[in-house]
Amino acid sequence: MFKYKIEYIANGKKYKVLSGKSKHFEIMDSFENGRLTAAIKTNDSIEIKKFCVVFPYTYSEKQAVFVNGYQSWTESREYGINDKMSDFSVFKELVVKSPFNAKSGMGRAGDLFFCRYPRKKGVFYGYSYGYVRCGKQIDLFASLSEKTGYTRIKFNVKKSQVIVEKDFDGVLFNGVKKMMDFVHLNGSYEEAFDKWFSLMNIQCRIKEKKSGYTTWYNYYRNINESIVERDLKALGDLPEKVDIFQIDDGYQKSIGDWLNTNEIKFPNGMKRIADEIHSNNMLAGLWLAPFAAAKDSFIYKEHKDWLIRDEKGRLYPAGANWGGFYAIDFYNKEAAEYIKGVFDTILNEWGYDMVKLDFLYAACVVPIHNKSRGQIMCEAMEFIRKCVGDKLVLACGVPLMPCFGLVDFCRIGADVALEWKYDYNRIREDISIPNAVNCTVFSRHLNGRAFLNDPDVFILRDENINLTFSQKKLLAEINRICGSLLFVSDNVSCYNDKQKQLFSETIKKSDISILRAEYTDKDIIYIEYEENGEKRALKFNYKNGNVN
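Worth saying up front: this structure is predicted, and the values here are computed from it rather than measured.

S.K.: Explain the overall build of the chain here, please?
M.R.: The helix and strand inventory of the chain stands at 12 helices and 27 strands. At 23 Å, the chain has a C-alpha radius of gyration in line with the 24 Å of a compact globule built from 548 residues. The principal-axis extent of the C-alpha atoms belonging to the chain is close to 70 × 60 × 45 Å. Counting every position in the chain, which comprises 548 residues, the buried fraction comes to 62%. Total accessible area on the chain is roughly 22,100 Å²; 48% of this is exposed by carbon and sulfur atoms.

S.K.: Would you explain the nonpolar core in this entry?
M.R.: One recurring pattern in soluble globular proteins is that nonpolar side chains are buried together. Trp196 and Ile247 are the most contacted members of the largest nonpolar core, which totals 199 residues. Here Ile247 is in contact with Thr215, Ile223, Val228, Met270, Ile273, Ile277, Gly285, Leu286, Trp287 and Tyr352, once residues within four sequence places are set aside.

S.K.: Could you clarify how one ought to interpret the sheet that holds strand β19 (residues 354-357) in this entry?
M.R.: Two pairing modes exist for strands in a sheet, parallel and antiparallel, and in both the strands are linked by backbone hydrogen bonds. The sheet built from 8 strands is open, its strands ordered β22-β21-β20-β19-β15-β14-β13-β23 with parallel pairing. The open sheet terminates on both sides in strands that have one partner only, identified here as β22 (452-454) and β23 (485-488). Averaged over all pairs of adjacent strands, the angle between strand axes in this sheet comes to 25 degrees, irrespective of strand direction.

S.K.: Explain the side chain of Gln499 to me, please; I cannot follow it from the model alone.
M.R.: Residue placement: Gln499 occurs in helix α12 (residues 497-507). At a separation of 3.1 Å, a polar atom in the side chain of Gln499 contacts the side chain of Asp462. If we ignore the near neighbours within four places in the chain, the residues touching Gln499 are Leu460, Arg461, Asp462, Phe469 and Cys494.

S.K.: How should I be thinking about the pairing of strand β24 (residues 512-519) in this particular structure?
M.R.: Every regular strand shows the same layout, with side chains that alternate between the two sheet faces. Here β24 runs beside strand β25 (residues 524-531); their pairing, made up of 7 bridges, is antiparallel. Bridge pairing in β25 links Ser513 to Glu530. Remark: 4 residues form the turn of the hairpin made by β24 and β25, two consecutive strands paired antiparallel.

S.K.: Whenever I open this one, the state of the cysteines confuses me. Can you help?
M.R.: As used in these notes, a disulfide is a covalent bond between sulfur atoms, one from each of two cysteines. Under the counting rule described, the total for this entry stands at 0 disulfides. Distance from the sulfur of Cys387, which forms no disulfide, to the nearest cysteine sulfur (Cys403) is 14 Å. Classification of Cys387 by relative accessible area gives buried; the value is 18%. Cys439 supplies the cysteine sulfur nearest to Cys482, a cysteine that is in no disulfide, at a spacing of 12 Å.

S.K.: What is the right way to look at the packing of aromatic side chains in this model?
M.R.: One pair of aromatic rings is described through two measures. These are the centre distance and the angle between the planes. Here the structure, examined in full by the defined rule, presents 55 aromatic pairs. On the basis of an interplanar angle of 70 degrees and a centroid distance of 4.9 Å, the ring pair of Tyr57 and Tyr59 is categorised as edge-to-face. Aromatic pair Phe141 and Phe155: ring centres 6.0 Å apart, planes at 70 degrees, arrangement edge-to-face. Within this pair, whereas Phe141 is found in strand β9 (residues 137-143), its partner Phe155 is found in strand β10 (residues 151-156), the two being separated by 14 residues in sequence. Linked through ring pairs, Phe66, Tyr129, Tyr131, Tyr189, Phe193, Trp196, Phe197, Phe404 and Phe451 together constitute an aromatic cluster. The aromatic ring of Phe113 is capped on one face by Arg108, whose charged end is 4.4 Å from the ring centroid.

S.K.: How do you make sense of the packing of helix α10 (residues 433-442) against helix α11 (residues 469-482) when you look at a structure like this?
M.R.: When two helices pack together, their arrangement is given by the angle between the helix axes and the distance between those axes. Running from amino to carboxyl end, α10 crosses α11 at an angle of 25 degrees, the nearest separation of the two axes being 9 Å. Our classification of the angle between α10 and α11 gives roughly parallel. The handedness of the crossing between α10 and α11 is left-handed. Where α10 abuts α11, its residues Ile433, Val437, Thr440 and Val441 lie against Leu475, Ile478, Asn479 and Cys482. In terms of residue class, the contact of α10 with α11 is built from 6 nonpolar, 2 polar and no charged.

S.K.: How should the pairing of strand β5 (residues 64-67) be read in this particular structure?
M.R.: The side-chain alternation of β5 yields two buried faces, one formed by Ala64 and Phe66 and the other by Val65 and Val67. Pairing of β5 with strand β8 (residues 129-134), which is carried by 4 bridges, proceeds in the antiparallel orientation. Residue Ala64 lies in a different strand from β8, and its bridge partner there is Arg133. Summarising the sheet, β5 and strand β6 (residues 77-80) pair through 4 bridges and their orientation is antiparallel. Following the sheet pairing, Val65 is matched in β6 by Tyr79.

S.K.: Looking at this structure, I do not really get α12. What am I missing?
M.R.: In an α-helix, one turn spans 3.6 residues; hence positions three or four apart end up facing the same way. For α12, the set of buried residues is Gln499, Leu502, Phe503, Thr506 and Ile507. Viewed end-on, α12 has its buried residues packed into an arc of 120 degrees, placing them on one side of the element. For α12, the exposed residues lying more than 90 degrees away from the buried face are Asp497 and Lys498. Of the surrounding secondary structure, the elements contacted by the buried residues of α12 are β13 (210-214), α5 (225-236), α11 and β23. Residue Asn496 occupies the N-cap position of α12, its side-chain oxygen lying 3.1 Å from the main-chain nitrogen of Lys498.

S.K.: How should a positive patch on the surface be read in this particular structure?
M.R.: Taken together, Lys3, Lys5, Lys16, Lys50, Lys120 and Lys159 make up a surface patch of like positive charges. Along the chain, the position of Lys159 falls in the loop between β10 and β11 (161-166).

S.K.: How should unusual backbone geometry be read in this particular structure?
M.R.: Apart from glycine, the bulk of residues carry a negative phi angle, and the bulk of peptide bonds sit in the trans form. Phi is positive for Asn201, which is not a glycine, with a value near 55 degrees. With respect to the helices and strands, Asn201 occurs in the loop between α3 (189-200) and β13. Classification of Asn201 by relative accessible area gives exposed; the value is 67%. Located in the positive-phi region is Trp322, a residue other than glycine, with phi close to 55 degrees. Summarising the element assignment, Trp322 is placed in the loop between β17 (317-319) and β18 (325-327).

S.K.: How should I be thinking about the side chain of Gln246 in this particular structure?
M.R.: Within the fold, Gln246 resides in strand β14 (residues 244-247). With sequence-adjacent residues up to four places away left out, Gln246 is seen in contact with Tyr213, Thr214, Thr215, Gly285, Leu286, Trp287, Met354, Lys356 and Phe487.

S.K.: Is there a simple way to explain the pattern of salt bridges in this structure?
M.R.: Two side chains that carry opposite charge are able to pair once their charged atoms sit near each other. Under the criterion given, the structure shown has 41 salt bridges. For Asp194, the salt bridge goes to Arg449, with nearest N and O atoms at 2.9 Å. Placement of Asp194 in helix α3 and of Arg449 in the loop between α10 and β22 is noted, with a sequence separation of 255 residues between them. Note that Arg536 is salt-bridged to Glu534, the shortest N-O span being 3.6 Å. Classification of Arg536 as partly exposed rests on a relative accessible area of 33%.

S.K.: Teacher, can you tell me more about the environment of Tyr529 here?
M.R.: By the element assignment, Tyr529 lies in strand β25. Put simply, Tyr529 and Ala336 are 193 residues apart on the chain and 45 Å apart in space, counted from C-alpha to C-alpha. Aside from chain neighbours lying at most four places away, what touches Tyr529 is Glu477, Arg480, Ile481, Ile512, Ser513, Ile514, Leu515, Glu534, Lys535, Arg536, Ala537 and Leu538. Only 3.3 Å separates the side chain of Tyr529 from the side chain of Glu477, close enough to count as a polar contact.

Rules behind the numbers
- Residues numbered from 1 in each chain as written.
- Predicted model: local features only at pLDDT ≥ 70, side-chain atom pairs only at ≥ 80, totals over all residues.
- Heavy atoms only, no water.
- Helix = DSSP H or I, 4+ residues; strand = E, 2+ residues; numbered from the N terminus.
- Rg over C-alpha atoms; globule rule 2.2 N^0.38 Å.
- Buried < 20%, exposed > 50% of the residue type's maximum accessible area, 1.4 Å probe, protein only.
- Areas by Shrake-Rupley, 256 points an atom, 1.4 Å probe, with all protein chains shown as cover.
- Core = buried A, V, L, I, M, F, W, Y, C linked by side-chain atoms within 4.5 Å.
- Contact = heavy atoms within 4.5 Å.
- Pairing = 2+ DSSP bridges.
- Axes fitted to C-alpha atoms, helices over the stretch in contact; angles between N-to-C directions.
- Polar contact = N/O pair within 3.5 Å; in protein donor to acceptor, adjacent residues only side chain to side chain.
- Disulfide = S-S within 2.5 Å.
- Phe/Tyr/Trp six-rings, centres within 6.5 Å; stacked < 30°, edge-to-face > 60°.
- Lys NZ or Arg CZ within 6 Å of the ring centre and 35° of its normal.
- Parallel < 35°, antiparallel > 145°, perpendicular 65-115°, else oblique.
- Left-handed = near helix turned anticlockwise from the far one by under 90°.
- Nonpolar A, V, L, I, M, F, W, Y, C, P; charged D, E, K, R; others polar.
- Arc of directions from axis to C-beta.
- Patch = residues over 30% accessible without salt bridge, like charges linked within 9 Å, V, L, I, M, F, W, Y side chains within 5 Å.
- Salt bridge = Lys/Arg side-chain N within 4 Å of Asp/Glu carboxyl O.
- Lys, Arg positive; Asp, Glu negative; His and termini not counted.
- Charge placed at Lys NZ, Arg CZ, Asp CG, Glu CD.

That is the geometry; function is a separate question.
What follows is the structure, encoded as structure tokens:
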């Protein structure tokens, strides 16, 4: 049976209780068939600083633990039960959280500023769901809704516990309010995840894998009309059908000023580009970060009232990109109308079929309006879907569960780097092929259930990249087996015959089912899968990209 651990503030005083009842509130709960629902009833105004439900759980040496990271870029993977979760040092954490860096927005993409990293062996945590696996069977611990607040799942092997904690930062409770809907399921890997999604009544919006292209990993922000037209023509000349051509960051004058196109780079405007993409029989995609505003944007200069502030009323940096940027409060009516207008123009006037929406975590970077981070993120994604209607959405830089059933594609790992290198002292959201690969393999259960997984790009070119052909081939193979959005970021007209063949093999649609994927050694990942009725296997070192 479970027990509660609750810390709260009422009438200016701090209290701790180990049950669901105190002189200030009562937890009304129900626990049946592994499902726990809980609501609070209080006549006082109380602030809950900690709300934990502790379940006893017996671990064994043969088990592995999976934790889901805070958002798309955060490392998500299985661990052996005696592993240590993070290499992120105390010193680097202090540097990132120093007053100077805090003002820059560094580290805000993750949970570094509101959750303490465990640094002990056998202690793991993640968001929304996690599991303990023994062979082909798993115990899945999962939230059924994040609309009241994020759910952190903590696995403590030493104490033989699974701890379910809700993030209620910034929320003042009064009256009756739902707090938690949580379930413990078991069965085979596929069975347990099928049960979970059935209980949530969530279905994937799109079923068929897509291939495509993005400008980002070859040119980054240095794009222009000529580059786009050249790469578009090269893709259009291929014998293989490519589904989506997506233009990334660099077409706009500033982050936040999405309709203010850089006329030097794109003198004929963005509608012209969409028309050319369509003439090459591809869907047109465009990148934007709808909740972000840089310091040189008209939003920052003219509408600071649209921007999120901390509890002291100060503008709150949401990230360090582009010299630092701030987050737009989409609850502000004027800001919401602006965002709606941006989507209407891009999708209906310019004619784009898909938007890649990035840095979405910014919407909930701090709790506001008496809402928790989880509630804000869920409402932000509902707002996005309402804005875009039936057009395609590729979400990125976003906590995953609020996207379930609302986006068509979702990034499930870090941005890939241009070299295969493992950093032993990294932030968990850092650009990294090892991070991206881990997430691609171990978040495969979301693919086709929550959305279609975007493992990020594979790269085959020879220019401005530091990958061997073997590493390029391995990354492409991992994406092909485990992912459903297969994007490249190359000028394919420069491919040699070997690269052309690998590109063709990677985007070719085939029937793949993964039978198992696990670590066979500390750094070695083994994937066993079936493709078109034939059993196959892939074994590799995720830290250096060597095939075993």
